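Descriptive structure summary
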Amino acid sequence: MKNLHIVAAASLASCVQGFVPVHKQQHVLSPPLSVSALEPPTLAAAGSNSDDRTPLRQGSYVALVTPMTPTGAIDLQQLRSLLQFHLQAGTDGLCILGTTGEAAVMTMAERKTVLDVAVEEVKGKIPILVGTGTIDPEHVKEQTLQAIDCGCDASLVVTPYYVKPPQRALIKHFETMADLGLPVCIYNVPGRTGVDFLPESIGQVAGHPNIVAVKEATGDVSRVAQIQDACEKNGYKRDELLLLSGDDGSTDEFVLQGGHGCISVTANVAPSAMHQLMMSALKKDIDEVKRINAPLTNLHRDEFIEANPIPIKWAIKRIGQIDCSYLRPPLDELAPEFQGTVESALRDAGLI
């Protein structure tokens, strides 16, 4: 792993240096495919800056919600406010338009609006990782090319869900999306998709210049060593890929076992604490990890008391960061019988 060093005596700033390996940087910075190359110029996003990317790095990425009005429109003013909230709190990276962001029920025009706002607010300050994965590869391409045109830094590509592709097809899928030119973070969440992209397969794609990270959301911290072993077996460095936990409840142990950070739902309400947790875990300061994580334990659990992002959106409203916890169908706002549980978890975390 190049341009990334974990040293116990290092400052916090050195713990979040840019990550992309040198041999991958050269490929990443070559001119990628673009929506503007395939469609009339008026359809390309304004302000494209695809050659000016912030590399993915270690630390806490927030799996950001998309704030909405009571009628279901995207609330751009509150989106800007949330982005600034995370900059000020020390969030290390932004993950937008994922499951937590309700991307599955947004139009391409709405996605562009969200991406443009994110680029305007945080481009060059923290990495912008955008969810572009879905079931149809052609739609993944469309969304990835849009992200390139908007000036995002990397794409989060989930394993195609429901259809359960075999491992060889998943390998081809991720390599095809990486060929588009935008750095890719593979997203493995078999509990939602019904398919598990195995460590052995991850090791086979690790050498692709644009495959730079994995969001591992199985909750199995042994996956860290398994993925690193697979990379080594295929002739790559053990730390060839940035490994990010997608399971808040096991994130501390994931990083202590050699992972590099997290993409966190909890960070929506506790961004500073999650940043500090990741910095302490990267330095292998076990006592500090326990101290920081203990108040968050119930929150890690109870933010999933109903389907994500139902509870976390209510929690963000409860701490006063958004005015409305509306979710688009087929989801719904948090049921009244669960609100006390989430409120108690926020109180335990010192957030209210």
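This text goes with the structure placed above it.
Read on for a plain summary of the structure. All figures in this text were calculated on a predicted structure; none of them were measured in a lab.

Now for the overall build of the protein. For the protein, the helix and strand inventory stands at 15 helices and eight strands. Expressed as a percentage of its 352 residues, the buried residues of the protein come to 55%. Pairs at least 24 residues apart make up 74% of the contacts formed inside the protein by residues separated by at least 6 positions.

Attention now moves to the packing of aromatic side chains. In total, this model carries one aromatic pair according to the counting rule given. Seen from their ring centres, Phe-174 and Phe-197 are 4.9 Å apart, and the 40 degrees between their planes marks the pair as tilted. With a gap of 23 residues between them, Phe-174 in helix α6 (residues 167–178) and Phe-197 in the loop between α7 (190–193) and α8 (199–205) connect regions that are remote in the sequence. This pair shows no difference in class: Phe-174 is buried, exactly as Phe-197 is.

Attention shifts here to the pairing of strand β3 (residues 128–131). Each regular strand carries side chains that alternate between the two faces of the sheet. Neither face of β3 is exposed, since Ile-128 and Val-130 on one face and Leu-129 and Gly-131 on the opposite face are all buried. Alignment of strand β2 (residues 93–96) against β3, held across three bridges, turns out to be parallel. When the sheet's bridge partners are listed, Ile-96 is paired in β3 with Val-130. Regarding topology, helix α4 (residues 108–122) serves as the crossover connection from β2 to the parallel β3, and that connection is right-handed. Bridging between β3 and strand β4 (residues 154–158) involves three bridges; their strand directions are parallel. The residue bridging Gly-131 from the neighbouring strand is Leu-156, located in β4. Taken together, β3, helix α5 (residues 137–150) and β4 form a β-α-β motif whose crossover is right-handed.

Time to look at α5. In an α-helix, one full turn covers 3.6 residues, which means residues spaced three or four apart are oriented alike. Across its 14 residues, α5 extends 20 Å between first and last C-alpha, which sits within 8% of the 20 Å expected from 1.5 Å per residue. The opening residue of α5 is Asp-136, an N-cap whose side-chain oxygen sits 3.0 Å from the backbone nitrogen of Glu-138.

What counts as what
Residues numbered from 1 in each chain as written. Predicted model: local features only at pLDDT ≥ 70, side-chain atom pairs only at ≥ 80, totals over all residues. Heavy atoms only, no water. Helix = DSSP H or I, 4+ residues; strand = E, 2+ residues; numbered from the N terminus. Buried < 20%, exposed > 50% of the residue type's maximum accessible area, 1.4 Å probe, protein only. Contact = heavy atoms within 4.5 Å. Phe/Tyr/Trp six-rings, centres within 6.5 Å; stacked < 30°, edge-to-face > 60°. Pairing = 2+ DSSP bridges. Right-handed = clockwise from strand over helix to strand, strands pointing away. Expected span 1.5 Å × (residues − 1). Polar contact = N/O pair within 3.5 Å; in protein donor to acceptor, adjacent residues only side chain to side chain.

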